[in-house]
Amino acid sequence: MVAIRDALSKDMVGKTVQVRGWIYRTRSSGGIVFAVLRDSTGIVQVTVKKGVAPEPDFIAATNTGIESSVIIEGTVAEDKRAPGGYEVRASKFTLVGPAEPFPITEYQSTELLLDLRHLWIRSREQTAAMRIKDSLLMGAREWFHKNDYVEVNPPIITGVAAEDSTQLFQIKYFDRMAYLSQSAQFYLESLIYSCDKVFSLTPSFRAEKSRTPRHLAEFWHLEMEAAWVDNDENMKVQEELVTAMLHRAADDCRPELELFKRDPADLRRVVPPFDRIPYGEAIERLQAKGLDVSWGSDFGAVEERELTKDSGLPMFIMNYPKELKPFYMKENSDDPRTYKNTDLLAPEGFGEIIGGSERETDNALLIERLKDKGESLDKYSWYLDLRRYGSVPHSGFGLGVERFLTWVCKMDHIRDAIPYPRTVSRVFP
Ligand code: 4AD
Ligand code: MG
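Rules used in this analysis
- Residues numbered from 1 in each chain as written.
- Chains lettered and ligands numbered in written order.
- Predicted model: local features only at pLDDT ≥ 70, side-chain atom pairs only at ≥ 80, totals over all residues.
- Heavy atoms only, no water.
- Pairing = 2+ DSSP bridges.
- Helix = DSSP H or I, 4+ residues; strand = E, 2+ residues; numbered from the N terminus.
- Salt bridge = Lys/Arg side-chain N within 4 Å of Asp/Glu carboxyl O.
- Buried < 20%, exposed > 50% of the residue type's maximum accessible area, 1.4 Å probe, protein only.
- Phe/Tyr/Trp six-rings, centres within 6.5 Å; stacked < 30°, edge-to-face > 60°.
- Lys NZ or Arg CZ within 6 Å of the ring centre and 35° of its normal.

### Considering the sheet that holds strand β8 (residues 170-173)
Then, number 1: Taken in spatial order, the 3 strands make up an open sheet running β7-β9-β8, and their pairing is antiparallel. In the strand order of this sheet, the two ends are held by β7 (157-158) and β8, each with one partner.
Then, number 2: In terms of strand pairing, β7 meets strand β9 (residues 176-180) through 2 bridges, oriented antiparallel. Within the sheet, the bridge partner assigned to T158 lies in β9 and is Y179.

What follows is the structure, encoded as structure tokens:
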């Protein structure tokens with residue numbers, strides 16, 4: 001048995017091979033069936049000729065519809081008209097799993113494709129997206145391990161809100177209520193005391209009511225936390241990590257990227273350092289472009305698009321006003337109206353892919369901020385403990401994996417960056 005990718009080459013010509021997979025397209029004309037077969041590595045044209053293949057095999061090939069699974073034995077031949085330039089001339093055609101008429105045809109509504117997601121994930125776009133994501137994450141793991149980070153497993157069921165308490169999913173937890181994690185951050189903060197530098201890849205949950213092309217209710221969150229790291233160093237980690245991820249995908253996934261019209265060279269061009277723009281300067285840039293913003297305005301899709309649309313490289317926006325960000329960030333002593341934090345915006349108008357900050361280590365400040373928000377200190381007692389036993393300066397960040405992939409693949413909507421998107425209106429299939 002050979003992978004389809006490996007059957008398509010000059011030195012295979014004339015050889016007898018077995019390939020297996022699913023029928024992608026099929027038509028017959030004048031005693032020949034032209035079937036295009038796909039497996040996870042590619043597609044190849046198979047020809048089944050009356051009089052060459054045994055009669056029962058030819059009849060089976062004639063009647064086999066798309067998405068049926070089959071095993072083919074045949075000879076590899078060069079053929080300029082075939083996709084990829086080669087075909088397999090079948091001597092045997094074995095039907096393994098027949099398919100009923102496939103419900104997805106060429107032009108389908110987005111809603112139908114979402115209803116049939118369990119079948120639509122076989123499409124070439126979805127397959128390519130999964131491969132690129134795998135490669136980005138491989139690049140991340142390689143980078144983290146080369147730099148002495150430990151991969152850890154924080155809990156998903158939690159008792160506190162790490163980001164925004166209005167966007168929590170509540171679950172019944174035995175005889176109490178609990179929440180689905182929005183971020184592993186607090187747990188990662190607790191793990192730096194033993195492991196120094198940690199990272200985790202977990203699902204995060206946000207009960208986002210807003211229907212936007214950038215928000216999921218469940219997304220994969222790549223987060224890191226490190227002791228002895230300040231906000232500047234935190235930016236360097238982000239630059240290096242993002243670069244390593246993009247270069248790994250550019251090296252591994254040329255055909256997949258090209259399917260999305262993403263030139264791998266765009267990804268290779270990304271190298272540190274990225275521009276660092278203070279929030280105040282970002283406001284001035286937006287005002288100069290005629291946007292109605294002033295100090296204290298939050299940045300949404302519109303503002304982030306304006307800031308990044310003429311750039312080919314990611315950029316940091318630093319030091320946001322405190323009112324716009326969560327309570328755990330370190331006060332910026334150069335301008336106490338702001339925090340030592342950053343959002344990393346992807347270029348070409350895309351916007352935020354990472355949120356990060358140095359963390360506040362002063363418990364008095366943390367308690368004051370929690371009280372201002374009306375939060376119960378009891379729930380956060382363990383988090384405050386972390387500052388009571390050998391606190392150290394530390395920083396971390398979270399990268400939204402589907403956001404990142406959406407940008408890399410120039411997708412219109414984040415739902416295409418995950419096999420089973422969870423949004424306000426959808427938990428099926
Ligand atoms: O900016 P956020 O909310 O930051 C945190 O959660 C920090 N506690 C992370 C940390 O410091 N450890 O989320 C981080 C990233 C965002 O930049 C975005 O890429 C992604 O997570 N994200 C989402 N992705 C998809 N759908 C959503 N609803 C998302 N919310 C955040
Ligand atoms: Mg954010």
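### As for the pattern of salt bridges
Then, number 1: On inspection of all chains with the given rule, the structure shows 35 salt bridges.
Then, number 2: For the salt bridge of E111 with R426, the shortest nitrogen-to-oxygen distance reads 3.0 Å. Linking E111 in helix α3 (residues 110-115) with R426 in the segment after α14 (401-408), this pair joins segments that are 315 residues apart in sequence.
Then, number 3: R426 sits in the buried class, given a relative accessible area of 11%.
Then, number 4: R141 is the salt-bridge partner of E151, the closest N and O atoms lying 2.9 Å from each other. Remark: R141 occurs in helix α5 (residues 124-146) and E151 occurs in strand β6 (residues 150-151); sequence separation between them is 10 residues.
Then, number 5: Connected via shared salt-bridge partners are R262, D266, R269 and E348.

### Some details on the packing of aromatic side chains
Then, number 1: For the structure shown, the criterion picks out 20 aromatic pairs.
Then, number 2: Ring geometry for W143 against F144: centres 5.6 Å apart, planes inclined by 70°, an arrangement best described as edge-to-face. The burial state of W143 is the same as that of F144; both residues are buried.
Then, number 3: Measuring from centroid to centroid gives 4.2 Å for F144 and F199, while their planes differ by 10°, and the two rings are stacked. A residue pair is termed long-range when its members are at least 10 positions apart, and F144 in helix α5 and F199 in strand β10 (residues 197-205) qualify at 55 residues. Of the two residues, F144 and F199, neither departs from the other in class, the shared state being buried.
Then, number 4: Each member of the aromatic cluster is reached from another via a ring pair, and the members are F186, Y187, F327, Y328, Y380, W382 and Y383.
Then, number 5: Just above the ring of W295 sits the side chain of R337; from NZ or CZ to the centre is 3.8 Å.

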